[in-house]
Amino acid sequence: MTGSLGRRRPNMDTHLPGFAQPLFRGLPVIDDAWAGVRETARKQAFAAREPGPREESWRFTDLGALYRGEFDAILVPPAAVLEVPELPEAGHRLVFVDGHLIPGLSRPAEGGGLEVRPVSGADAHPGDPIPGTLVPASRDLFAALNLARLATAALVHVRRGCAAPAPVHLVFLYSTAAHATFPRVMVRLEPGASCSIVEEHHARTGQAHLCVPVTELELGNGAQLTYTRVLRQGAGGFSLGYCEAVLGREAQLDVCTVSADGRLTRLDLGVRFAGPGARVGLDGLAKVDGNQVADTHSRLIHGAPNCRSRQLHKCVAAGAGRVVFNGAIRVEHGAQQTDAAQQSRSLLLSPRARVDAKPQLEIFADDVKCAHGATVGQLDDEQLFYLRARGLAAPLARELLTYAFAAEVLRRVPVASLRRRLERELLAHTPG
Amino acid sequence: MSAGEVLLEVRGLHASVAGVEILKGLDLRLCAGEVHAIMGPNGSGKSTLSKVLAGHPSYTVSAGEVAFRGIDLLALEPEERARQGLFLGFQYPVEIPGVSNASFLRLAYNTVQAGRGGEELDPLEFDDFVRGRMQLLEMDPGFLDRDVNEGFSGGEKKRNEILQMALLDPLVAILDEADSGLDIDALRIVSKGISALRAQHNAVLLVTHYQRLLDHVVPDFVHVMSEGRIIRTGPRELALELESRGYDWLTGAAAA
Ligand SMILES: Nc1ncnc2c1ncn2[C@@H]1O[C@H](COP(=O)(O)OP(=O)(O)OP(=O)(O)O)[C@@H](O)[C@H]1O
Ligand SMILES: [Mg+2]
């Protein structure tokens with residue numbers, strides 16, 4: 001921290017925290033359709049304060065280690081050939097390495113009812129979503145950095161009434177130490193469209209690096225989206241992610257997020273019901289070990305009547321790992337007949353592990369059902385004994401019960417091969 | 001009848017839970033080929049005995065010894081006891097949401113098989129095997145796809161315990177109230193499962209409150225437990241006598 005007192009904002013537009021300074025050194029100025037967006041965001045980034053422990057939403061997650069680092073941008077894609085996580089069910093796919101699209105590994109779709117393509121300020125179509133519409137630069141420093149350093153985004157656009165025949169796979173790989181990447185995914189489902197999207201982030205390096213992935217999801221009336229987000233940022237990875245969705249009338253959104261083993265993984269997940277009769281399901285699993293931190297801040301805004309939301313967030317903390325969950329639900333004035341249910345359950349596998357879980361309800365309508373619950377516990381001794389009494393060694397029994405705990409979320413991963421892969425990778429002993 | 005090899009020998013067992021002594025000098029000997037029944041008032045320590053024998057970590061043994069085929073049972077971890085051939089059918093089987101019954105049963109089967117040098121089965125082979133056993137117990141194969149005991153009715157849980165016993169083929173089976181909560185058909189099926197296990201080389205310890213199970217699985221000995229001790233041992237007729245007279249005449253004698 002700069003040592004300033006109170007909420008005073010550094011009053012110079014040249015202020016930028018050290019960790020991000022290399023990002024703007026020698027940055028070429030490109031005059032394209034997104035130049036204005038980038039420039040405004042750059043100004044916002046220079047004016048924004050570093051999120052720190054004095055802000056409520058960062059109270060439990062210490063960014064000190066991130067601020068002590070320095071992260072540069074990778075201006076040309078690395079030549080290394082990386083293993084891409086395959087998804088046999090997937091149809092179209094975009095693969096990015098260190099923020100750069102790798103055409104040889106991608107299978108875009110252009111024209112027709114489904115478009116899956118990279119988009120930049122140089123080749124954006126007039127009807128394409130404008131980056132920053134749902135996660136604007138004004139949000140905070142990291143959101144501003146993402147837009148200021150915006151290069152190529154991934155676009156998924158499904159036209160009115162069309163259904164994507166197979167899951168769309170968006171893969172982001174990270175291979176270079178001490179670099180920063182700012183992926184952006186923009187999804188637009190026109191009324192009545194439907195699609196399943198799997199977004200994966202995998203570090204192929206254990207070294208320190210920074211990733212700020214931003215995803216914007218627009219669902220028109222009656223649109224249906226299944227969005228699965230996997231984060232494996234590696235032992236040195238800092239991931240500060242945002243995902244914002246807005247739902248039209250009677251739209252349906254199912255989000256499943258799974259994160260494991262990043263040094264620091266933060267997800268700000270926002271959903272806004274903008275039309276009546278819509279439905280959302282949020283399932284999350286965060287797993288930490290060692291000194292890892294996983295922080296999920298979700299914010300559901302019931303801005304229209306008759307909408308239903310269901311949320312289940314599960315955390316598994318081993319070692320000296322730390323998990324944070326803050327689940328805000330806001331029911332706005334007039335959002336009658338809202339039905340919102342939120343559950344957070346955390347499993348502590350070690351006495352040094354720690355969890356801070358908190359629901360946060362703001363209700364301004366009177367005819368509302370809003371249920372929430374948070375539990376923090378350890379493995380159940382009676383279950384453990386039952387398994388051991390059937391011959392399972394204690395460590396295996398513990399792993400099996402940890403698996404069982406996570407299974408409730410993993411079973412909701414909508415793509416079978418991904419579900420099996422995650423079970424295999426996250427849980428050493430998966431019963432066959 | 002000629003007594004077989006001594007499988008389980010309990011001598012002067014004292015055990016406590018949460019600082020409260022429950023077992024207060026218990027003696028019991030099970031030989032190969034025998035079926036024993038333990039009856040006794042609620043709270044007399046029957047389940048405590050079962051769990052101490054199976055190695056539940058919440059119980060502390062303060063005195064006494066237990067030999068299982070000549071080896072010190074109390075020195076073994078619960079999983080090791082199971083692999084050596086000890087089986088506990090729980091009075092209250094535990095629900096484990098998130099673990100499918102099929103994977104659990106196969107994991108248990110293969111672990112115990114590996115422990116005794118037997119052949120392990122892959123998922124397909126095991127599926128055939130377990131379905132065969134389920135047929136004998138008139139269990140719907142649908143229970144394989146459900147999670148371990150989750151949402152099972154009381155009787156279904158008990159049947160699942162007997163299924164596990166049938167799969168693991170133990171040397172000593174301790175069945176804690178295998179008959180409680182069963183309807184008439186289920187009682188017949190569970191009894192059939194126990195009788196099918198019964199052989200010259202193994203022994204069964206039935207904890208029960210009622211004579212009706214013992215009509216189907218006729219015991220060689222009936223023990224009465226009270227306040228953490230066996231206070232009377234007799235032939236099968238003792239169970240009939242308990243049914244008509246209750247425990248007062250015995251516990252009164254013990255107190256005297
Ligand atoms: N954790 C505990 N703390 C204190 N007392 C306990 C604990 N667990 C069991 N007990 C007591 O130990 C005694 C014996 O219990 P146990 O379950 O062995 O009885 P039981 O003979 O199996 O009874 P039932 O016929 O009702 O099944 C009871 O009085 C019970 O309350
Ligand atoms: Mg009992």
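Residues numbered from 1 in each chain as written. Chains lettered and ligands numbered in written order. Predicted model: local features only at pLDDT ≥ 70, side-chain atom pairs only at ≥ 80, totals over all residues. Heavy atoms only, no water.

**Focus: the overall build of chain B**
Helix and strand content of chain B: nine helices and 12 strands. Against the globule reference of 18 Å for 256 residues, chain B gives a C-alpha radius of gyration of 18 Å, in line with a compact fold. Over its C-alpha atoms, taken along the principal directions, chain B stretches across nearly 60 × 40 × 40 Å. The buried share of chain B, taken over its 256 residues, is 54%. The long-range fraction of contacts in chain B, counting pairs at least 24 apart against all pairs at least 6 apart in sequence, stands at 67%. Only carbon and sulfur atoms are counted for the fraction: they give 50% of the accessible area of chain B, which is about 10,700 Å². (Helix = DSSP H or I, 4+ residues; strand = E, 2+ residues; numbered from the N terminus. Rg over C-alpha atoms; globule rule 2.2 N^0.38 Å. Buried < 20%, exposed > 50% of the residue type's maximum accessible area, 1.4 Å probe, protein only. Contact = heavy atoms within 4.5 Å. Areas by Shrake-Rupley, 256 points an atom, 1.4 Å probe, with all protein chains shown as cover.)

**Some thoughts on the interface of chain B and chain A**
Often, the extent of an interface is quoted as the loss of accessible area on bringing the components together. Listed by partner, the interface residues are 35 residues for chain B and 20 residues for chain A. Interface of chain B and chain A: buried area, both sides summed, is about 2,300 Å²; carbon and sulfur atoms make up 63% of it. Between the two partners, chain B and chain A, sit four salt bridges. We note a salt bridge from Asp147(B) to Arg411(A), for which the minimum N-O separation is 3.0 Å. Counting every contact that joins chain B to chain A gives 14 residue pairs in polar contact (both at pLDDT 80 or more). Among the elements of the structure, helix H1 (46-54), helix H2 (78-84), strand S6 (86-89), strand S7 (96-100), helix H3 (101-115), strand S8 (147-148) and helix H5 (154-168) of chain B are those that each provide at least two residues to the side of chain B that touches chain A. Examining the composition of the side of chain B that touches chain A, we find that seven residues originate from one element, H3(B), more than from any other. (Buried area = accessible area lost by both parts, 1.4 Å probe. Salt bridge = Lys/Arg side-chain N within 4 Å of Asp/Glu carboxyl O. Polar contact = N/O pair within 3.5 Å; in protein donor to acceptor, adjacent residues only side chain to side chain.)

**A closer look at the domain arrangement of chain A**
Residue and element names in this part refer to chain A. Under the domain assignment, chain A is made up of domain 1 (18-275) and domain 2 (393-432). Put simply, the middle of domain 1 and the middle of domain 2, counted by C-alpha atoms, are 27 Å apart. Taken together, the contact between domain 1 and domain 2 spans 17 residues of the former and 13 residues of the latter. Counting each side, the surface lost to burial between domain 1 and domain 2 is near 1,000 Å², with a carbon and sulfur contribution of 70%. (Domains from an automatic or database assignment.)

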